[in-house]
Amino acid sequence: MNEVMQTILSRRSIRRYEQRQLAEEDLQTILKAGAFAPSAMNQQSWHFTVIQNRAVIDSIAAAAGKALGRGESFAPFYNAPTLILAFGQEGAISPVSDASLALENMFLAAASLGIGSCWINCVIDFFEGTPQGKAMRKTLGIPDGYRCIGSGIFGYPAEQPQPKPRRDGTVNFIR
């Protein structure tokens, strides 16, 4: 089996991380993989905000927990040392697909480097649906004209979960 398929089949969502920060070279490789994702008409309509400051990550989690009614002890980022927020340019042809594909490229690049990752969805409701999230966008330097698509957490895995069985009946052939 080739290395790409091996990475795809072995990648898992990680929810327990070591606290050491990503090496800068690895972070740049992950971001480059995102920048080379396919996008509709090559618009590259994404914008990423990389947060590696624990206090800022924790403040986003607390604000999101409070605003979304989950309490200030809400911990959606599983203590990962790096959070990458993904935004898509409003008015682009396909900003949701573009940013989602970029995140997936980042997840696969991370896995190929021995770095764990996990998609975190609650940021969408926070940044798009609450006044607190909209205000925090300014603090984080997120440009106007972009909407939150999702986020990924990244770090060195504290454990590697086993794969769950794949569902049957998800492919239909017409030949």
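This text follows the structure it describes.
Right, let's walk through the structure included here. This structure is a prediction, so every number in the text was calculated from the model and none was measured.

Secondary structure assignment for the chain yields 6 helices and 4 strands. Starting at the N terminus and walking to the C terminus, you meet the elements of the chain as α-α-β-α-β-α-β-α-α-β. Computed over C-alpha atoms, the radius of gyration of the chain comes to 17 Å, within 12% of the 16 Å expected from 2.2 N^0.38 for 175 residues, which places it in the range of a compact globule. With respect to the three principal axes, the spread of C-alpha positions in the chain is 50 × 40 × 35 Å. Counting over 175 residues, the chain shows a buried share of 40%. Taking all contacts inside the chain whose residues are at least 6 apart in sequence as the whole, residues at least 24 apart take part in 82%. Within the structure as shown, the chain displays about 9,900 Å² of accessible surface, and the carbon and sulfur contribution to it stands at 52%.

Judged by nonpolar contacts, the single largest core of 25 residues is most densely connected at Ile-60, Phe-77, Leu-83, Leu-85, Phe-127, Leu-140 and Ile-153. Counting residues per element, the ones that place at least two in this core are helix 3 (54–67), strand 2 (82–89), strand 3 (116–120), helix 5 (122–129) and strand 4 (146–155). With near-sequence residues (within four places) excluded, Leu-140 lies in contact with Thr-49, Ile-51, Val-56, Ile-60, Leu-85 and Phe-127. Grouped together as the second largest cluster of nonpolar side chains are 20 residues, Ile-30, Ala-37, Trp-46 and Ile-115 included.

Along the polypeptide, Ser-117 turns up in strand 3. Here Ser-117 falls in the buried class, since its relative accessible area comes to 1%. For Ser-117, the side chain forms a polar contact with the side chain of Arg-11, separated by 3.1 Å. With near-sequence residues (within four places) excluded, Ser-117 lies in contact with Arg-11, Arg-12, Ser-13, Ile-14, Tyr-17, Phe-107, Ile-153 and Phe-154.

What follows covers the packing of aromatic side chains. Counting across every chain of the model gives 4 aromatic pairs. An angle of 65° between the planes, with centres 5.8 Å apart, marks the rings of Phe-87 and Phe-127 as edge-to-face. Of this pair, Phe-87 sits in strand 2 while Phe-127 is found in helix 5, placing the two residues 40 residues apart along the sequence. You'll find Phe-87 and Phe-127 in the same group, each marked buried. Aromatic ring contacts, followed pair by pair, group Phe-87, Phe-126 and Phe-127 into a single cluster. If you follow Arg-175 out to its NZ or CZ, it ends over the ring of Phe-173, 4.3 Å from the centre.

In this section: the environment of Gly-91. For Gly-91, the location among the structural elements is in the loop between strand 2 and helix 4 (95–112). In this structure Gly-91 comes out as exposed when scored by relative accessible area, which is 80%.

It is worth spelling out the sheet that holds strand 1 (residues 46–51) at this point. With antiparallel pairing, the 4 strands of this open sheet are ordered in space as 1-2-4-3. Either end of the sheet is taken by a strand with one partner, and the two such strands are strand 1 and strand 3. Ignoring which end each strand starts from, the neighbouring axes of this sheet average 25° apart. Here strand 3 runs beside strand 4; their pairing, made up of 5 bridges, is antiparallel. Bridge pairing in strand 4 links Ile-120 to Ser-151. Contacts from helix 5 reach strand 2, strand 3 and strand 4 within the one sheet, and its direction differs from that of strand 4 by about 145°.

In contact at an axis separation of 7 Å, helix 2 (residues 24–35) and helix 4 are set at 145° when each is read in the N-to-C sense. As for how helix 2 packs across helix 4, the hand of that crossing is right-handed. Taken together, the residues of helix 4 that come into contact with helix 2 (itself represented by Ile-30, Leu-31, Ala-33 and Gly-34) are Ala-102, Asn-105, Met-106, Ala-109 and Ala-110. Considered class by class, the residues forming the contact of helix 2 with helix 4 number 7 nonpolar, 2 polar and no charged.

Definitions and limits used
Residues numbered from 1 in each chain as written. Predicted model: local features only at pLDDT ≥ 70, side-chain atom pairs only at ≥ 80, totals over all residues. Heavy atoms only, no water. Helix = DSSP H or I, 4+ residues; strand = E, 2+ residues; numbered from the N terminus. Rg over C-alpha atoms; globule rule 2.2 N^0.38 Å. Buried < 20%, exposed > 50% of the residue type's maximum accessible area, 1.4 Å probe, protein only. Contact = heavy atoms within 4.5 Å. Areas by Shrake-Rupley, 256 points an atom, 1.4 Å probe, with all protein chains shown as cover. Core = buried A, V, L, I, M, F, W, Y, C linked by side-chain atoms within 4.5 Å. Polar contact = N/O pair within 3.5 Å; in protein donor to acceptor, adjacent residues only side chain to side chain. Phe/Tyr/Trp six-rings, centres within 6.5 Å; stacked < 30°, edge-to-face > 60°. Lys NZ or Arg CZ within 6 Å of the ring centre and 35° of its normal. Pairing = 2+ DSSP bridges. Axes fitted to C-alpha atoms, helices over the stretch in contact; angles between N-to-C directions. Left-handed = near helix turned anticlockwise from the far one by under 90°. Nonpolar A, V, L, I, M, F, W, Y, C, P; charged D, E, K, R; others polar.

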